[in-house]
Amino acid sequence: TSVPAGMWRSFQSNAANTGTSESPSPFGGTEHWVFDTDGGVFSSPAVDERALYVGSRDGTLYAIDRTDGTSMWQFPTRDELLSSPAIANGVAYIGSVTGTVHAVSADSGGEQWRFQEPDEPVTSSPTVADGTVVIGTRGGTLYGLNESNGNEQWQFRAGRQGRTAPAVVDGTVYVGSFDGYVYAIDGTEGTREWLFETGDRVFSSPAVAGSTVVIGSDDAALYALSASDGTRKWRFEAGDWIRSSPA
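Fair warning: this is a prediction, and the values are worked out from it, not measured in the lab.

S.K.: Run through the pairing of strand β19 (residues 221–226), naming residues and quoting values.
M.R.: Among the 6 residues in β19, 6 count as buried, and that is most of the element. Along β19, one buried face is formed by A221, Y223 and L225 and the opposite face, lined by L222, A224 and S226, is buried too. Connecting the antiparallel pair strand β18 (residues 212–216) and β19 is a turn made up of 4 residues, with A220 showing a positive phi of about 70 degrees. In this structure, β19 lies alongside strand β20 (residues 232–237), joined through 5 bridges in antiparallel fashion. For A221, the partnering residue across the bridge sits in β20 and is E237.

S.K.: Report on the packing of aromatic side chains, specifying residues and quantitative values.
M.R.: All told, the structure shown has 9 aromatic pairs when counted by the stated rule. Note on Y53 and W73: the rings are 6.0 Å apart at their centroids and 45 degrees apart in plane angle, and the pair reads as tilted. You can see Y53 sitting in strand β2 (residues 51–55) and its partner W73 sitting in strand β4 (residues 71–76), a full 20 residues away along the chain. Overall, the relative accessible area of 8% leaves W73 in the buried class. Members of the aromatic cluster, joined through ring pairs, are F156, Y181 and Y183. Stacked on the ring of F203, the Lys or Arg R243 has its end atom at 3.8 Å from the ring centre.

S.K.: Before we move on, could you go through the sheet that holds strand β12 (residues 152–157) and cite the residues and values that matter?
M.R.: What the 4 strands build is an open sheet, ordered β9-β10-β11-β12; its pairing is antiparallel. The outermost strands of the open sheet, each flanked by one partner alone, are β9 (127–129) and β12. This sheet shows a mean twist of 20 degrees between the axes of neighbouring strands, independent of strand direction.

S.K.: Could you give an account of the environment of V168, naming the residues involved and the relevant values?
M.R.: For V168, the position within the fold is in strand β13 (residues 167–169). Looking at V168, the relative accessible area reads 9%, which means it is buried. Once the C-alpha coordinates of V168 and V208 are considered, the two residues, 40 residues apart in sequence, prove to be 8.3 Å apart.

S.K.: Which residues make up the nonpolar core, and what values go with them?
M.R.: Nonpolar side chains in soluble globular proteins tend to end up buried together. One finds Y174, W194 and L225 to be the most contacted residues of the largest nonpolar core, which totals 15 residues. Only β13, β15 (181–186), β16 (192–197), β18 and β19 provide two or more residues apiece to this core. The leading source of residues in this core is β19, at 3 residues. In this structure, W194 is in contact with Y174, V182, Y183, A184, L225, S226, A227, S228, D229 and G230, ignoring residues within four places of it in sequence. Grouped together as the second largest cluster of nonpolar side chains are 14 residues, A86, V101, W113 and L145 included.

S.K.: Tell me about the sheet that holds β18, residues and numbers included.
M.R.: In a beta sheet, neighbouring strands are held together by backbone hydrogen bonds and run either parallel or antiparallel to one another. On the basis of which strands lie adjacent, the open sheet formed by 4 strands has the order β17-β18-β19-β20 and antiparallel pairing. Pairing within the sheet leaves two strands with one partner each, and these edge strands are β17 (207–209) and β20. This sheet shows a mean twist of 20 degrees between the axes of neighbouring strands, independent of strand direction. As defined by bridge partners, β18 adjoins β19 across 5 bridges and the pair is classed as antiparallel. Each residue of the ladder has a partner; that of I215, found in β19, is Y223.

Rules of the game
One numbering rule holds for all chains: residues counted from 1, following each sequence as written. Owing to the predicted nature of the model, reporting of local features is limited to residues with pLDDT of at least 70; listing and counting of side-chain atom pairs is limited to 80 or more, with chain, interface and lining totals taken over all residues. By convention in this description, side-chain values take in all heavy atoms of the structure and omit both hydrogens and water. For every residue, the accessible area (1.4 Å probe, protein chains only) is compared with the maximum for its type, and the residue is labelled buried under 20%, exposed over 50%, or partly exposed between those bounds. In this description a helix means any DSSP run of H or I spanning at least four residues, a strand means any run of E spanning at least two, and both kinds are numbered starting from the N terminus. Each pair of strands is called paired provided DSSP finds at least two bridges between the two strands. Working definition: a ring pair exists when centres of Phe, Tyr or Trp rings (six-membered ring for Trp) sit within 6.5 Å. Plane angles under 30 degrees give stacked, over 60 give edge-to-face, the rest tilted. By definition here, charges over rings are those cases where NZ of Lys or CZ of Arg is within 6 Å of the ring centre and within 35 degrees of the ring normal. Note on method: axes are straight lines fitted to C-alpha atoms, helices fitted across the in-contact stretch only, with angles between N-to-C directions ranging 0 to 180 degrees. Here, nonpolar core means buried Ala, Val, Leu, Ile, Met, Phe, Trp, Tyr and Cys residues that are tied together by side-chain atoms lying within 4.5 Å of each other. Contacts are assigned to residue pairs with any non-hydrogen atoms lying within 4.5 Å of each other.

This is the structure in structure tokens:
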């Protein structure tokens, strides 16, 4: 899966989390501009035709002109934003540590809708596919929300979801969990299709390429799994935790 040149619309670039783009760096690796927020930035930016979107621990979602680094708009949430935004159909989606998922107009910064999870922080980055915003909470609940109005379409309870960003390919959601499992979930019904047990917590977000799901684990292994049934294709032993996301 690839995205148009110069675009990076969500964590790991696209719904399959492949972490690839058809475009080289537009600035050749040299510093072009600097933009300061009022807090630390844990969030990874998303980029579309006009702007770079990023959340800050100061509680603000920023839209920054990608050409000159000036502020286009700021959306205050009053919550820490550790989640990375996703951009789809002119809307930016992001979660907060108080359990709120915000949908914000990418043009104006006006709020379109919000969804409130009453008990669990939202630290997972959202993935938008097939009219659904898929996002997880630190406590282990994965939600499928209607892209247009934020209504809950389904929820799936894993042991502990953590911060891994789901991948969505051909109607199936793939996600890792702090309970050590990798899950495949039906993207329409929210029901489990399969699960695969690793030897430790899964911080890594999955990448899906063709018929293969690739994901790392704190058991110091990188796994390649069959996307259709979760059987292991191969395992690569590293020397330590694998918490980065494969591309």
